[in-house]
Each structure stands twice: as structure tokens, then as C-alpha cells.
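Examining the three-dimensional arrangement
Chain by chain, the residues run as shown.
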Amino acid sequence: MAGEVPVALLSADGVDATAIDPATVRLGGGTPVAQGDGGPLTSTVDVDRDGRPDLVLRFDKERLTRDGGLGPATKALAVTGSLRDGRAFESSAAVTPEVALEVKFQEPLQVRGTNQALRSAEGDDLDSVQAVLTRHGASSVTPLVPSAAVASLEKLTSKAKARADAEVPDLSSWYSVVLPADVDAEQVVEELRALPEVAFAYPAPDPVPPPAEPTPDFTGTQGYLRPAPQGIDADFSRQEPRARGAGIKIVDLEYDWNWSHEDLQLDESSDLGGRVFPRYTGFADEHGTAVFGELVARDNGYGVTGSVPEAKMYGISPSQATSTGGTRWSPGAALAYLAGLNVLAPGDAVLLEQQTSGPLGGSNYAPLEWIPSVFDAIKLLNGLGVTVVETGGNGNQNVDSDLYVQNGIKWFDRSVQDSGAILVGAGSDTDRERLNFSNYGARFDLQGWGRAIVTTGSNGNLFGGTDPANLNVRYTRSFGGTSGAGPIVTGAVVAVQSYLKATGQAPWTAAQVADLLKRTGTPQGPTTSGQHIGPLPNLSAALKAIEVDAPTTEVKLTQHAPRKGDWYQNPFVTFTAGDGWGSGVTRTQYRLDGGKWKTYSKPFRVLDKGRHRIEFRSTDANGNEEQTRSLTFRNRR
């Protein structure tokens, strides 16, 4: 599978790695730094957390192999280049090449065990599988999902089937296979796919950078939270105590984040991966910190405020610890592990802040569910009632293209298969047109801003700067990409789910929430409507469409005020009804002295002498009807 090789150049006393000119750097003797839409694929990160910025460079693995820099016999990789003042440098590091595959066995077999103890719980013969693996020298055949989560996953799979009334994937059927570096991976994959016991086989994916904007636009403030059509109108939803995220958990699939930021004030419990999926520092914590801030930055009078500040925020890394002491990028396993933790309930949300290499390789990134194990994990979470929001990736790719076919399946065609995730594209902050780096296609549901996002962390260009001492007080005005768009949509999803929960309703499915936000959202700009990313959510319209509060009606008797007790003289009756922030009053009804109900249109006069009782009630556009109230009075005439 196409992928990238990250190389971290560490700063030291007297050596500033960020002064290296990426254009001069070569890996393995001749391979240059990979290029993206915004130039060389680099990032400035404090990799070793020593307070000094380091330089991370990314190289195309296929080209590195083609250039002869990486092969089965490679024991070390050398990197050369120049500082911007012309001084040359050279360094090297040891590497251990291996080939890793992700393999899914046919679910009815219920394959369990490891290595030579691989077996089918149903008693089927796995000799043909073992023969292929043995012939190619497989050194490790282990469940993709950590063993501690397997038993829990089996119970949750049954629960998800019952809840969704449909089949959900068995994540225990996914395995990781490690082979010698000199193996012909394509040949092994071909042989495995030919076996009736195997449902999927492919090279394990390599990590790629999170989908942040390649060319930031430094304009705007927290405009993405302003009223439509500019933003999603979280200003409106945050005024409703029941739509601020209380009672909802959000988990971000994220490399790293700064839980100590002054506007987040989280702690170590926010990391659900722990030592099993340790946080990966190669892309810095600032991406995750920015995502967290969009959602749950505290409403505290300084900094920024998240769209759903009362939601509980967590993260989990996609980097899985291996038995050899290293890590392997395995987002499907991380999501399965998350499901197996059994900490999420229906209505909770999982945000996928990752992308993967697409069929064209390089920086032509695809949505994360292009990885089949991820697709299955999303489907399981969806079956459990968890809403998965997936960033669509910064590859400028049309996922409707015939390139996006695996195992004969048109991967992003909802009429063929559907993971259940809400897929998010990046739109302009000014006109909701698709930004040119965002992936697109019919499978996309909604958009968020893809630039000019003000939030915590990132590059500190709004406040705090890049001084490591200011890490906890750093803010940006230029976060973006589909990375920035994903939290905007997630905030809308969580606001809806928290309102439903607070009003005693069952959480909605991802499909129901997506339908609501699409129906009530602000349409995509017309110029790029043929490159579909969907509308921008509008929380004011969405919440009004589902509000459950009945109107309140007030009655007033006018003519002459009563001189004594409740006596009036031929009064006029006037009704005034209001529905707060809701869908709006559509009808007020009344009846006098137990007669027929009438629809109120204008004030009327009561002329009959004696005691009278007026009953009244109002109904709003959502069909919420006020409990009948009444007023008793006496008319002197």
C-alpha cells in the first residue's frame, strides 16, 4: 500500500533542526522530501519534548523503494542535506524492515488464536491458510484487536446486532500478519485472497499526517459559531442549557493533544489508549489541541469557547504498541479497542481526525474508511448507537471515481455499502464553496469551515507564539482543512444529541442526525455544487425543527377593570401566545363555558351576564400542544 516514511531531525545544543532547507534533504542516498499541494511535506514538532522545535520530514515510501534506498536488506537509512546558510549535514538511524498485512477471515469461521495455534471455533480446517503463511515465513499472526478487548467485543457485537436489527462486522475476525522484509507482498496478498477462508487481505496502512489545511487563510474569528449562513449558529445552541453537550462523550481518534491547555483543563484520564495505543508525538500535539478546543474549550470568559463546552472530551491514538517495543499505525484496531472498552453509550460521538493513502498514493489522501478494517470498526460503533463523524481527507479526490473500488466493491457508494459514518468535507468560510484540497463526492454528508478557524493550540499566531513556555496559552486564527471541518460538524451532532437526551428522548442514529442537519443546513455554494460536500449545519434551524416545548398562552380581559372581586363589564378577551426559541405558534384555540373549541383570530367580547369559564391552549409548528388552561370571571353587563 502507498504510504510515507516520517523522519524526525532533532534539535540539540547549538543545532536548530528547523534551519534545515527541506529542498536539499535526501533520504537513502537520493530520495527527496515528498511534496503536497503546499510544498514539501514537513512539520515543526517538539518530538522528544525537550523544549526545542524539531523538524519532521515525510518521504514517499514507494519512491524510496524504487530509488533503492529501502529494501529487505536495509539496516540503516542515511539522511543528508543543508542548512539554509549552506552548511551541510549528514545523519543516520537503524531500521528494521518488515512487511505487515491486515487480513480478515470469513466471519462464520470464527477464527481465533495466534500463530501456529490459529484455529476455527466452528471446527473448519485452516490448513490452506497456514500453508500460505508458513511458505512465506510469517513471523507473527495475531488478532488486530488487543486480546483484552476481544471478549468484550463479542458481547458488544451481539448487542449491536440486536439494537440495529442488522448484521454488524465481527472485529475479532481481523488479524495482523508480519512477514519477512524480502517477501513478495503482492504475491502473498494474492494467494490469501484466493482462499475461501479469507474475506480481505492487504498491506497494513502507513501513518499519514492528520488532515490539516495545507495553505492556511489567516482571516476571521470564531465565525464558524456565528448564525447562518456564516456559521453553524452555536451561539444559539449554547444559550439553551439542554444543547451544550452535557451527558455526551466525544472521543477523538488523534495522534496527540495537550490536555493541560488553560482553555481545556483536562487530565490524563482523557487518554483512552493508555499504553496499548500510546500517543504519537511525530505530528505534535497542536493538531489535537486545536480539535479539542473547537468542541470543548471552556466557557470561562477568556480564550475561546467550544461549540459544546459541557460535553466530556477524550482522545485515543491510532498508534498501537507492538510486542517488539515499537508502534504500528492501526486505526482500525484502535477503534475496535475503543468499542471493546464499553465506555460509550448510544448518542456519544467518535470523531476520526485521520486520513489514509488513496489509490493514487502520495498526498492524494482518502477518507480513513478506505481501510477495510476501519470500515468494519465504524460499522460496529454505528450499530452500538455511537455517532461516528469522519473527516473526508485533504486529497482533492472524487470518491465517486472508479478508482475507489476494492474487492469488486465500489467503496463509497451508499447503495452498495454504508459504514454509517457522517462524512465531512471542507468548505469556504465565506461562501460554503468546496475548498480545492477537500475530497468530495455523493457519499459526503456535511461540510464545516476548512480555514480561518480560531481555536486553541496549533501555531500560536493569534496568541502565545511558538515559545515552548507558552504551550498552554497558545491560540491560532488559522486552523483548517477537513481536520477543522470535522469538529464543527461534530459540535452540531453533539448539540442535537444532548438536547434529545435532556428532553427525555432516545438518542438518534447517525443517519437521523445527518438527515436533520442536511435538511436544515445552509446549502453548499453553487459554483462547486457538482463537487458535493453537502450543506453547513445550522443549529438554530435544526433545534427548532425538533424542539419539544409546548407554547405558553396568556389571556387578558379588557374593557373596565373589575371594581370588586372578579366582576367585569362586557370585557374583551385577548390571547397572546409565545413559543420561546421554538418552532413557532401555529394555532390558539379556546372555548367558552364548555362549548365547541374555536380557533382564535382576534379579540372578542363576552356579553352574557353571570359567571363564565374560558379554556384555552396553543400548538406550535412541531405539534407540541400546551396543556389546557382556564380563567373564570363574572360579567356584570
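Residues numbered from 1 in each chain as written. Predicted model: local features only at pLDDT ≥ 70, side-chain atom pairs only at ≥ 80, totals over all residues. Heavy atoms only, no water.

1. Considerations on the sheet that holds strand 13 (residues 140-143)
The strands making up a sheet are joined through hydrogen bonds of the backbone, oriented either antiparallel or parallel. The test is simple: Should DSSP find at least two bridges between two strands, the strands are taken to pair. For helices the rule is a DSSP run of H or I covering at least 4 residues; for strands it is a run of E covering at least 2, with both sets numbered from the N terminus onward. Every axis corresponds to a line fitted to the C-alpha atoms, with the helix fit spanning only the stretch in contact, and the corresponding angles, defined between N-to-C directions, vary from 0 to 180 degrees. Contacts are assigned to residue pairs that have any heavy atoms within 4.5 Å of one another.
Here we have four strands laid out as an open sheet, ordered 13-14-10-15, and antiparallel in their pairing. Looking at strand neighbours, the two that pair on one side only are strand 13 and strand 15 (198-203), the edges of this open sheet. Averaged over all pairs of adjacent strands, the angle between their axes in this sheet comes to 20°, without regard to strand direction. Bridge count between strand 13 and strand 14 (residues 174-179): four bridges; the pairing is antiparallel. Bridge pairing in strand 14 places P143 opposite Y175. Each of strand 10 (99-105), strand 14 and strand 15 is contacted by helix 4 (residues 185-193), which is oriented at about 170° to strand 15, the strand it contacts most.

2. Let's talk about the packing of aromatic side chains
The criterion, for reference: Between rings of Phe, Tyr and Trp, where Trp is taken as its six-membered ring, a pair exists when centres lie within 6.5 Å; planes separated by under 30 degrees are stacked, by over 60 edge-to-face, and by other angles tilted. A 1.4 Å probe rolled over the protein chains alone gives each residue an accessible area, and that area as a share of the maximum for its type sets the label: buried under 20%, exposed over 50%, partly exposed in between.
Scanning the entire structure with this criterion turns up 25 aromatic pairs. With centroids separated by 5.9 Å and ring planes inclined at 65°, the aromatic side chains of W174 and Y202 adopt a geometry described as edge-to-face. Note that W174 is positioned in strand 14 and Y202 in strand 15, a separation of 28 residues in sequence. Classification of W174 as buried rests on a relative accessible area of 0%. A relative accessible area of 3% means that Y202 is categorised as buried. Between the aromatic rings of Y255 and F283, the centroid separation amounts to 4.8 Å while the plane-to-plane angle is 50°, which identifies the pairing as tilted.

3. Overview of the sheet that holds strand 34 (residues 598-599)
Spatially, five strands are ordered 31-37-36-33-34 in an open sheet, and the strand pairing comes out mixed. Looking at which strands have only one partner, the edges of the open sheet turn out to be strand 31 (567-568) and strand 34. Of the pairings in the sheet, the one linking strand 31 to strand 37 (residues 629-635) comprises two bridges and is parallel in character. Bridging across to strand 37, Y568 finds its partner in N635.

4. Comments concerning empty space enclosed by the protein
Just so we agree on the cut-off: Method remark: on a 1 Å grid restricted to protein atoms, a set of points is classed as a cavity if a 1.4 Å probe fits but cannot get out and as a pocket if it is open with protein on both sides within 12 Å along at least five of seven lines; lining residues have an atom within 4 Å of a point. Grid points are joined across faces, edges and corners, and a volume is the space filled by probe spheres set on the points. By the convention adopted, Pro, Cys, Tyr, Trp, Phe, Met, Ile, Leu, Val and Ala count as nonpolar, Lys, Arg, Asp and Glu as charged, and the other residues, Gly among them, as polar.
Taken as a whole, this structure holds one cavity of 30 Å³ or more when the rule is applied. The space that makes up the largest cavity amounts to roughly 80 Å³. Together, L156, K159, L338, A339, N342, V343, L344, A345, P346, L381, L384 and V386 line the largest cavity. Of all the secondary-structure elements, those providing two or more residues to the lining of the largest cavity are helix 3 (147-164) and helix 7 (331-341). Taken together, the residues of the lining of the largest cavity sort by class into ten nonpolar, one polar and one charged.

5. So, the pattern of salt bridges
To be explicit about the condition: Each salt bridge in this description consists of a side-chain nitrogen of Lys or Arg and a carboxyl oxygen of Asp or Glu lying within 4 Å of one another.
Applying the stated criterion to the full structure yields 29 salt bridges. Here R328 and E98 are joined by a salt bridge, their closest N and O atoms 2.9 Å apart. Here R328, found in strand 19 (residues 327-329), pairs with E98, found in the loop between strand 9 (88-94) and strand 10; they are 230 residues apart in sequence, far enough to count as distant. Here E98 falls in the partly exposed class, since its relative accessible area comes to 44%. With a closest N to O distance of 3.5 Å, E167 and K161 form a salt bridge. Each of E369, R414, D418, R443, D445 and K518 takes part in salt bridges that share partners, so that together they form one network.

6. Considering the confidence of the model for the chain
Stated formally: The pLDDT value expresses, per residue, how confident the predictor is, ranging between 0 and 100.
Put simply, the chain has an average pLDDT of 91, and 97% of its residues get 70 or more. Note on residues 214-220: pLDDT under 50 across the span, and 17 contacts to partners over four residues away in sequence or across chains.

7. Here we look at helix 2 (residues 127-135)
Here is the rule: What the arc describes is the spread of directions from the helix axis to the C-beta atoms.
By the burial criterion, the buried members of helix 2 are V129, Q130, V132 and L133. One side of helix 2 holds all its buried residues, which, seen down the axis, span an arc of 160°. Exposed residues on helix 2 whose side chains face more than 90 degrees from its buried face are D127 and R135. Buried positions along helix 2 lie against strand 10, strand 13, strand 14 and helix 4. Positive phi shows up at G137, right after helix 2, with a value of about 75°.

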